[in-house]
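So you can see what is in the structure, the chains are spelled out below.
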Amino acid sequence: MRLFGPANALLVALLVTPAPARPCTSAVVSAAASASGRPLLWKHRDSPSQHNEVALRDDGKHLYVAVVNGGDEAAREVWMGVNAAGLAVINTASDDLAEPEGAKDGEGRLLKVILQSCATVAEVEELLALGDAGGRDVSTNIGLIDATGRAVYLEVGPHKRALYDAAAVPEGYLLRTNFAHAAPADQGGGYIRMQRITDLVAAEWQRGRGIGLRFLLGPASLDLGHPLTGVDPRAAMPARGVIDARDTINRSSSVSDGVFEGIRPGEPPAATVMWVALG
């Protein structure tokens, strides 16, 4: 049985069990660490909303393009997108940032407001500062790149936030799944996926060619490897031909991928590119 080929998708038997509703995987890559010399932002989205769409909206200060749930024609909730000012945004759920009052579900609405109203990472910080005292209904890791070349994560809870800059670490990139580095240890999720994506990206980076969009939309997004069991179907299928996909990056709840490629110095913000795969 031929399992992999250039023209066909992954044809494997998956042992599918219920997975967390929002176990997304993501990366923020500085210009120095990217293959193109442009900052990159990536999100592999998992959601119970299986049908995703791309929407173009002009209902704010900035025109924007975003991935939304199927049927959400007004783009009431945005799950990744980019605006005409060159600001791109994604998120992953991070419930360990939540406070005792309970789970937070306002991430999609917040991402919409960011695209509508902000042009830079600095403006996003200013927007969030306005809500620190009164509180927000979010518990999330927000990834951002902008036309000034910044590439950051903002870990955002109801009243607190922490910024992590990809340019401030030696590798030049940052990764997030479903826990926050600013939160207490072992209270989030996605630790196995975090180990797997860390290994994949580190191996790509060590090859010396930088992190590229082909890698993010291909090997990273389609990966079915597991760092604890050692199963990696790209190397060898397990004896029974069955893959337990509960903790893999690619899984039955995977619904879309997006890579946002920023600009080089001197290029117009409109040169920012959104690469998206739905389904």
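Attention in this report is confined to the structure presented alongside it.

Cut-offs applied
- Residues numbered from 1 in each chain as written.
- Predicted model: local features only at pLDDT ≥ 70, side-chain atom pairs only at ≥ 80, totals over all residues.
- Heavy atoms only, no water.
- Phe/Tyr/Trp six-rings, centres within 6.5 Å; stacked < 30°, edge-to-face > 60°.
- Helix = DSSP H or I, 4+ residues; strand = E, 2+ residues; numbered from the N terminus.
- Buried < 20%, exposed > 50% of the residue type's maximum accessible area, 1.4 Å probe, protein only.
- Lys NZ or Arg CZ within 6 Å of the ring centre and 35° of its normal.
- Contact = heavy atoms within 4.5 Å.
- Pairing = 2+ DSSP bridges.
- Polar contact = N/O pair within 3.5 Å; in protein donor to acceptor, adjacent residues only side chain to side chain.

**Some details on the packing of aromatic side chains**
- All told, the structure shown has two aromatic pairs when counted by the stated rule.
- Plain terms: the ring middles of Tyr 173 and Trp 205 are 6.3 Å apart, the flat faces sit at 70 degrees to each other, and that makes the pair edge-to-face. Of this pair, Tyr 173 sits in strand 11 (residues 173-176) while Trp 205 is found in helix 3 (residues 191-206), placing the two residues 32 residues apart along the sequence.
- For Tyr 173, a relative accessible area of 11% corresponds to the buried category.
- A relative accessible area of 31% places Trp 205 in the partly exposed class.
- Looking at Arg 176, its charged tip hangs above the ring of Tyr 164, at a distance of 4.9 Å from the centre.

**Digging into the environment of Ile 263**
- In this structure, Ile 263 sits in the loop between strand 13 (254-261) and strand 14 (273-278).
- With residues near it in sequence (within four places) discarded, Ile 263 still touches Arg 38, Pro 39, Ala 147, Pro 268, Pro 269, Ala 271 and Thr 272.

**Digging into the pairing of strand 11**
- Along strand 11, one buried face is formed by Tyr 173 and Leu 175 and the opposite face, lined by Leu 174 and Arg 176, is buried too.
- Two strands pair when backbone bridges link them, and strand 2 (residues 25-29) and strand 11 are joined in this way by four bridges, in the antiparallel orientation. Each bridged residue has a counterpart across the sheet, and for Val 28 the counterpart in strand 11 is Leu 174.

**Describing the side chain of Ser 256**
- Within the secondary structure layout, Ser 256 lies in strand 13.
- Residue classification places Ser 256 among the buried positions, given a relative accessible area of 1%.
- Side chain to side chain, Ser 256 and Asn 52 meet in a polar contact 2.8 Å long.
- Every residue in contact with Ser 256, bar those within four places of it in the chain, is listed here: Lys 43, His 44, Arg 45, Asn 52, Val 67, Met 80, Ala 277 and Leu 278.

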